[in-house]
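Observations on the three-dimensional arrangement
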Amino acid sequence: MATNPAPKPVPQHASTAAGGLAEAHPERPSGLLRWLLTTNHKEIGTLYLIFSLTMFFIGGVFAMVVRAELFQPGLQLVQPEFFNQMTTMHGLIMVFGAVMPAFVGLANWMVPLQIGAPDMALPRLNNFSFWLLPVAFTLLLSTLLMPGGGPNFGWTFYAPLSTTYAPPSTTFFILSLHIAGISSILGAINIIATILNLRAPGMRMMDMPLFVWTWLITAFLLIAVMPVLAGVVTMMLMDINFGTSFFNAAGGGDPVLFQHLFWFFGHPEVYIMILPAFGIVSAIIPTFARKRLFGYASMVYATAAIAILSFLVWAHHMFVVGLPLVAELFFMYCTMLIAVPTGVKVFNWITTLFRGSISFEPPMLFALAFVVLFTIGGFSGLMLAIAPADFQYHDTYFVVAHFHYVLVPGAVFAIMAGVYYWLPKWTGHYPHERLAQWHFWLSVVGVNLTFFPMHFSGLAGMPRRIPDYALQFADFNLVSSLGAFLFGASQLLFVAVVVLCVRGGRQAPAQAWEHAEDLEWSVPSPAPLHTFETPPTFERPAH
Amino acid sequence: MRTLLVWLAGGLSLAGSIQVAMANGWNMPVGVTELSGNIHSLHMTIFWICVAIGVVVFGVMFYSLFRYRHAKGAKAANFHENIVVEVVWTAIPLLILIGMAVPATATLKQMYDASEADLDILVTGQQWRWRYDYLGEDVAFTSNLGTPRAQIRGEEAFGENYLLEVDEPLVVPVNRKVRFLFTSDDVIHSWWVPDLAVKQDSVPGFINENWVRIDEPGVYRGQCAELCGKDHAFMPIVVHAMEEEAFDTWLADRRAAASQEAQGIDREWAMDELMERGEQVYTAVCVSCHQEDGSGNPPAFPALAGNQALLDDRDRHIDTVVDGVSGAAMPAFRSTLNPVEIAAVITYERNAWGNDSGDSVQPSEIAERLSD
Amino acid sequence: MWEVVKSVLAAFFGVQKEQRRCEDFQHGRAAVFITVGLLMAMLLVVLVALVAVVAAR
């Protein structure tokens, strides 16, 4: 990994990605057209991040509706039909509209900077990939207003509930997923082309920062599985509109085929949502522990192993669907295997901390919380892997607890850590430390109050996706709902910190964090619109 | 040393409180079958393994965060690779997992062996109720949510078994191997009773198999565990496990009642009999969509009260209940309800809530209609 | 070839001496390692499947 000598003077363009005009493009459009047509990786990164934050709040509002109804037993606020739309849209928006675009935004901003490239390999494709998303999600959100309502069959949209018994808007839901899928595939192609071709001279693969590695591997996963999703939803489209029977037993098809195809996409998808998080945390912890990442090579191997194994475990989402015994055993064994490389990564982070010199700036707070809380999510995942026990966990709140732990204090905290870490580079200011600390502690309390009780309500017998529940689950749900309201409200602090930071704050130098390595810290803060127009000389540290 | 003791005390009291909590509705039940006990043991084993790993891992982590604070002037060490340590911490989890895989495999094989059962029951998931068919015994019935809608709406106080009660429970014998066959008439449902550790998806067009041998008589409650539409939360399961002799008696009585009901198809039913039976069926089966007062929830669920088009077309009313409405939410009840129930509920609908048509439908008419 | 297999196995396990890795990267060709890696991944799948078949008996 790079420990750069004093940064060479970089030809300055007097602009920042966050505002101001560039001198280097005299006819460059301004205002709305600028953002519509930009091919600059920094501006596109910003667009992705703003889009993702907006989606995060929309998906969050849906979650608040869910938790408000679940605050007490009985049906007080919404009808079950609408409740099912809220749970479905919450999942779809968070997965496809918040988490994935946030990681793409961070990749757009940071991958070229970290490898010393002037931009992504395919800048116009980059622009197109972004603008597909607002189209896709306007379409998706508009289904809520269509006759019959929006998708109401869970974010996993199993057939035949999502085909024969689905509302008329389902065809639009399918179209929106196709559009979002194309965006992901094109983005992934761009990432791979950039990383393989545009590294600074002297930067070999095993010199790349871990964030770049994890994104490289994630991009391959995306290219492998998004087409499978496209295939499944097209088969749905055919069943709904053209009289085919892919998932209809009466016509010779099989509803379980849907599940196999969906989860063959779906399981790599959840690794797509976490590998970049691993990369972010692997950058932040060494910086604030002032110590090199322990076991860089094994972190790369572990990431690759996780990616390969992720194709071999999909049916652990289907343990109760009636698989043959041999299949059940195969998937149980593979799922247990995948825990090993994941655990190894956690050990590596902790060993990086051991005998380091640790400080607790906001990015570090979120990264440390990630390590603890993601690991707890990993433990519940290990329990779920035990197939016979899964017969009692499947489709209960125990599963909801598991995936929310790995996604919220997992992926989302890592994204926020990355934002706090790189805001000085983007804006030239440090984020407001006090507010960020409040955001952190309220979020940690909120997230645990919301999701920890769900382990218990699941074990006690509460199924998923229900708007009303039996009395023995009441206390757990009360606490969860209060936690959810706290967590939701705390995210307003995050918006405040980001907005304030864009506008002003304590000035940050190029090397904003004392012990940060990697190439992005060699360019000024805020990073000029164009960086590394001449490739930097990259010197790797002595082994 | 003192810090160590403090940590130990803290850890033990945490473990202790976990134990207490787990015994009081916070944990998976041990259940009433040998398999449910095995599953509970597997669950507890993997749980404690996770706790142990967590204690070690988080222990090292929090120790490091405290001991190696920059603010206290800690100087970073310079190591970043150690082959022995890395091999050990990869090998140990691998061995632990292989160790867990062995009992897990054994339990799974047990779960999959449904051979040589004493009793076979076909469980059919429907939107939004369960149907039970005692194969070869001439006993079949549907099991609907028993909780009054008024409780759900908050107009009445919650009953003790809110959302976990039905109008007719599944009755099974203890100490006999009962095999379940699962299927569905519409979407995927899932039949789950935690105390029996039986959960299996009901897939339309396919048959899944599972089994149970219950050790203790009692009443065991569960719920549908696969999103199946608007009333997914409102189709519970109640299993009443009886001593073998009591079960045999129950089965014989139920068979007799069923055949009596079947005989009832041929005779003439009086209006008040039809209305009484019809109200029972309506409350159990129809209220979730059409409401107690027949007002429905248009346009998805039409009103029945004051529905002139329906009252003017008796044949269409019968067709709707028997064959459902294609492309809409109204299912066909021809295989869910028997001719007496169908005739009664249609009679009730045509006369309740001020409809007062004076019409009645005889079970024999429905029986003939069904044989078309 | 045996050296390649050993390195790929080490990659699967996740641990190898940095020095050995440097030598591989210096003197070996990526294509060979990737091919062997893919083949051995398929072998792993077959192996786990076999274990599952045997365990199910």
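Residues numbered from 1 in each chain as written. Chains lettered and ligands numbered in written order. Predicted model: local features only at pLDDT ≥ 70, side-chain atom pairs only at ≥ 80, totals over all residues. Heavy atoms only, no water.

A look at the overall build of chain C
Stated formally: Secondary structure elements follow DSSP: runs of H or I no shorter than four residues count as helices, runs of E no shorter than two count as strands, and numbering proceeds from the N terminus. C-alpha atoms define the radius of gyration in this analysis, and the globule rule sets the expected value at 2.2 Å times the number of residues to the power 0.38. Buried means the residue's accessible area, taken with a 1.4 Å probe over protein chains only, is under 20% of the maximum for its type, while exposed means over 50%, and partly exposed covers the values in between. Only the protein chains shown count as cover for residues, and all accessible areas are computed by the Shrake-Rupley method using a 1.4 Å probe.
The number of helices and strands found in chain C is 3 helices and 0 strands. A compact globule built from 57 residues would reach a C-alpha radius of gyration of about 10 Å, whereas chain C, at 14 Å, exceeds it by more than 25%. Taking the principal axes of its C-alpha atoms as reference, chain C extends roughly 45 × 20 × 15 Å. By the burial criterion, 33% of the 57 residues in chain C qualify as buried. Summed over its atoms, the accessible surface of chain C is roughly 3800 Å², and 73% of this surface lies on carbon and sulfur atoms.

With respect to the packing of helix α2 (residues 41–69) of chain A against helix α4 (residues 123–142) of chain A
Residue and element names in this part refer to chain A. Rules: Only the contacting stretch of a helix is used when fitting its axis, a line to C-alpha atoms as for every element, and angles between N-to-C directions run 0 to 180 degrees. Angle categories: roughly parallel below 35 degrees, roughly antiparallel above 145, roughly perpendicular from 65 to 115, and oblique for all the rest. Helix crossings are classified by the rotation of the near helix relative to the far one: an anticlockwise turn of less than a right angle makes the crossing left-handed, while a clockwise turn makes it right-handed. Any two residues having at least one pair of non-hydrogen atoms within 4.5 Å are treated as being in contact. Under this grouping Gly is polar, as are all residues other than the nonpolar Ala, Val, Leu, Ile, Met, Phe, Trp, Tyr, Cys and Pro and the charged Asp, Glu, Lys and Arg.
One way to put it is that α2 packs onto α4 with a least axis distance of 10 Å and a crossing angle of 15°. Here α2 lies roughly parallel to α4, going by the angle between them. In the crossing of α2 with α4, the sense of the turn from one axis to the other is left-handed. Where α2 approaches α4, its residues His41, Ile44, Leu47, Tyr48, Phe51, Met55, Ile58 and Phe62 are matched on the opposing element by Pro123, Asn126, Asn127, Ser129, Phe130, Trp131, Leu133, Pro134, Phe137 and Leu141. Here the contact of α2 with α4 is built from residues that sort into 14 nonpolar, 4 polar and no charged.

Considerations on the interface of chain A and chain C
Many descriptions give the size of an interface as the accessible area lost when the pieces come together. We apply this condition: Summed over both partners, the accessible area lost on bringing two parts together, with a 1.4 Å probe, is the buried area. Salt bridge, as used here, is a side-chain nitrogen of Lys or Arg placed within 4 Å of a carboxyl oxygen of Asp or Glu. Counting of polar contacts relies on pairs of N or O atoms within 3.5 Å, with two restrictions inside protein: one atom must be capable of donating a hydrogen and the other of accepting it, and residues adjacent in sequence are counted only when both atoms are side-chain atoms.
Contact with chain A, which involves 15 residues of that partner, is made by 16 residues of chain C. For the pair chain A and chain C, the summed buried surface comes to about 1400 Å²; carbon and sulfur atoms form 80% of the total. A per-residue breakdown of the area chain A buries against chain C is headed by Tyr301(A), Phe330(A) and Tyr333(A), which together make up 36% of the total. In this structure, the connection of chain A to chain C is made through 0 salt bridges. In this structure, the connection of chain A to chain C is made through 0 residue pairs in polar contact (both at pLDDT 80 or more). Of all the secondary structure elements, the ones that give two or more residues to the side of chain A that touches chain C are α9 (296–309) and α10 (325–353) of chain A. The element contributing the most residues to the side of chain A that touches chain C is α10(A), with 7 residues. Looking at the side of chain A that touches chain C residue by residue, the classes come out as 13 nonpolar, 2 polar and no charged.

Things to note about the interface of chain B and chain A
Facing 85 residues of chain B, the contacting portion of chain A comprises 92 residues. In total, chain B and chain A occlude about 7500 Å² of area from one another, counting both sides; carbon and sulfur atoms represent 72% of this. Inspection of the region where chain B meets chain A yields 0 salt bridges. In this structure, the connection of chain B to chain A is made through 19 residue pairs in polar contact (both at pLDDT 80 or more). Sorting the residues of the side of chain B that touches chain A by element identifies α1 (2–26), α2 (34–67), α3 (83–112), β7 (198–202), β8 (208–213) and β9 (218–224) of chain B as the ones contributing at least two each. At 16 residues, the largest contribution of residues to the side of chain B that touches chain A is made by α2(B). In terms of residue class, the side of chain B that touches chain A is built from 52 nonpolar, 21 polar and 12 charged.

Remarks on the domain arrangement of chain B
All names here are of chain B. We apply this condition: Where a domain begins and ends is set by an automatic assignment or by a domain database.
Domain assignment breaks chain B into domain 1 (29–63 + 82–113), domain 2 (119–256) and domain 3 (265–370). Opposite the 13 residues of domain 2 that make contact, domain 3 presents 11 residues. Summed over both sides, the interface of domain 2 with domain 3 buries roughly 940 Å², with 45% coming from carbon and sulfur. In terms of surface lost to domain 3, no three residues of domain 2 exceed Arg129, Arg149 and Lys230, which account for 43% of the buried area on that side. Linking domain 2 with domain 3 are 1 salt bridge.

Focus on the environment of Lys345(A)
Residue and element names in this part refer to chain A. Looking at the element boundaries, Lys345 is found in helix α10. Through-space distance from the C-alpha of Lys345 to that of Ala411 is 15 Å; in sequence the pair is 66 residues apart. Among the polar contacts listed, one links the side chain of Lys345 to the side chain of Thr303, at a separation of 2.6 Å.

Here's the deal with empty space enclosed by the protein
All names here are of chain A. To keep things clear, this is the line we draw: Of the two site types, the cavity is a set of points on a 1 Å grid over the protein atoms alone where a 1.4 Å probe fits but cannot get out, and the pocket is an open set with protein on both sides within 12 Å along at least five of seven lines, each lined by residues with an atom within 4 Å of a point. Grid points are joined across faces, edges and corners, and a volume is the space filled by probe spheres set on the points.
With the rule as written, the count across this model stands at 4 cavities of 30 Å³ or more. Put simply, the largest cavity is a space of about 190 Å³. Lining the largest cavity are 18 residues, with Met100, Pro101, Val104, Ser183 and Ser184 positioned closest to its centre. Mapped onto the lining of the largest cavity, the elements with two or more residues apiece are α3 (80–115), α5 (170–197) and α6 (210–241). Of all the elements, α5 adds the most residues to the lining of the largest cavity, at 6 residues.

Points about the side chain of Ser64(B)
All names here are of chain B. Here Ser64 is to be found in helix α2. The exposure class assigned to Ser64 is buried, which follows from its relative accessible area of 0%. Here the side chain of Ser64 touches Val60 through a polar contact of 2.8 Å, landing on its backbone oxygen.

Comments concerning a nonpolar patch on the surface
Residues and elements named next belong to chain A. As a reminder, the rule being used: Distance thresholds for patches are 9 Å for like charges and 5 Å for nonpolar side chains (Val, Leu, Ile, Met, Phe, Trp, Tyr), applied to residues having over 30% relative accessible area and no salt bridge.
On the surface, a cluster of nonpolar side chains totalling about 430 Å² of accessible area is made up of Val445, Leu449, Leu478, Val479, Leu482 and Phe485. Elements that contribute at least two residues to the nonpolar patch include exactly α14 (433–459) and α15 (474–503). Among the elements that take part in the nonpolar patch, α15 stands out by supplying 4 residues, more than any other. As for its position among the elements, Val479 is in helix α15.

Digging into the environment of Thr396(A)
Structurally, Thr396(A) is set in the loop between α12 (387–393) and α13 (397–427). Looking at Thr396(A), the relative accessible area reads 0%, which means it is buried. Along the chain, Thr396(A) and Met94(A) lie 302 residues apart, while their C-alpha atoms are 20 Å from each other. Discounting residues that sit within four places of it in the chain, Thr396(A) has contacts with Gly458(A), Met462(A), Pro463(A), Arg464(A), Trp192(B) and Lys199(B). Among the polar contacts made by the side chain of Thr396(A), one reaches the main-chain carbonyl oxygen of Tyr393(A) at a distance of 2.5 Å.

Topic: the packing of helix α11 (residues 362–385) of chain A against α2(B)
The angle between the axes and the distance between the axes are what describe a pair of packed helices. Here α11(A) crosses α2(B) at 165°, and the two axes come no closer than 9 Å. With respect to each other, α11(A) and α2(B) are oriented roughly antiparallel. The two elements α11(A) and α2(B) cross, and the hand of that crossing is right-handed. Between α11(A), through Leu368(A), Val371(A), Val372(A), Thr375(A), Ile376(A), Phe379(A), Leu382(A) and Met383(A), and α2(B), the contact on the second element is made entirely by His43(B), Ile46(B), Phe47(B), Cys50(B), Ile53(B), Gly54(B), Phe58(B), Met61(B), Phe62(B) and Leu65(B). Taken together, the residues of the contact of α11(A) with α2(B) sort by class into 15 nonpolar, 3 polar and no charged.

Side note on the sheet that holds strand β5 (residues 177–184) of chain B
All names here are of chain B. We apply this condition: Any two strands with at least two DSSP-identified bridges between them are counted as paired.
One open sheet holds the 5 strands; their spatial order is β3-β2-β1-β5-β8, and the pairing between them is mixed. Among the strands making up the open sheet, the edge pair consists of β3 (139–143) and β8. Direction aside, the axes of adjacent strands within the sheet are offset by 20° on average. Relative to β5, strand β1 (residues 119–126) runs parallel, the two sharing 7 bridges. Bridge pairing links Gly125 to Ser184 in β5. Across the face of the sheet, helix α5 (residues 244–264) comes into contact with β1, β2 (129–134) and β3 while running at roughly 90° to β3.

Quick notes on the pattern of salt bridges
All names here are of chain B. In this structure the tally under the stated criterion is 21 salt bridges over all chains. Of the charged contacts, one joins Arg179 and Glu209 as a salt bridge, the two residues approaching to 2.6 Å between their closest N and O atoms. Note that Arg179 is positioned in strand β5 and Glu209 in strand β8, a separation of 30 residues in sequence. The shortest N-O distance in the salt bridge between Arg369 and Asp323 comes to 2.9 Å. Highlighted residues: Arg369 in helix α10 (residues 363–370) and Asp323 in helix α8 (residues 314–323), separated in sequence by 46 residues.

Examining the packing of aromatic side chains
Residues and elements named next belong to chain A. Keep this limit in mind: Between 30 and 60 degrees the pair is tilted, below 30 it is stacked and above 60 it is edge-to-face, where a pair is any two Phe, Tyr or Trp rings, Trp via its six-membered ring, whose centres lie within 6.5 Å.
Counting across every chain of the model gives 64 aromatic pairs over all chains. Plain terms: the ring middles of Phe247 and Phe258 are 5.2 Å apart, the flat faces sit at 85° to each other, and that makes the pair edge-to-face. Taken together, the positions of Phe247 in the loop between α6 and α7 (255–272) and Phe258 in helix α7 put the pair 11 residues apart, joining distant regions of the chain. The buried category is assigned to Phe247, whose relative accessible area is 1%. Classification of Phe258 by relative accessible area gives buried; the value is 0%. With a centroid separation of 5.1 Å and 80° between ring planes, the pair formed by Phe366 and Phe413 is classed as edge-to-face. Highlighted residues: Phe366 in helix α11 and Phe413 in helix α13, separated in sequence by 47 residues. For the residue pair Phe366 and Phe413, the accessibility class agrees, reading buried in each case. The rings of Phe96, Phe153, Trp155, Phe157, Tyr158, Phe173, Phe246, Phe247, Phe258, Phe262, Trp263 and Phe265 are connected pair by pair, giving a single aromatic cluster.

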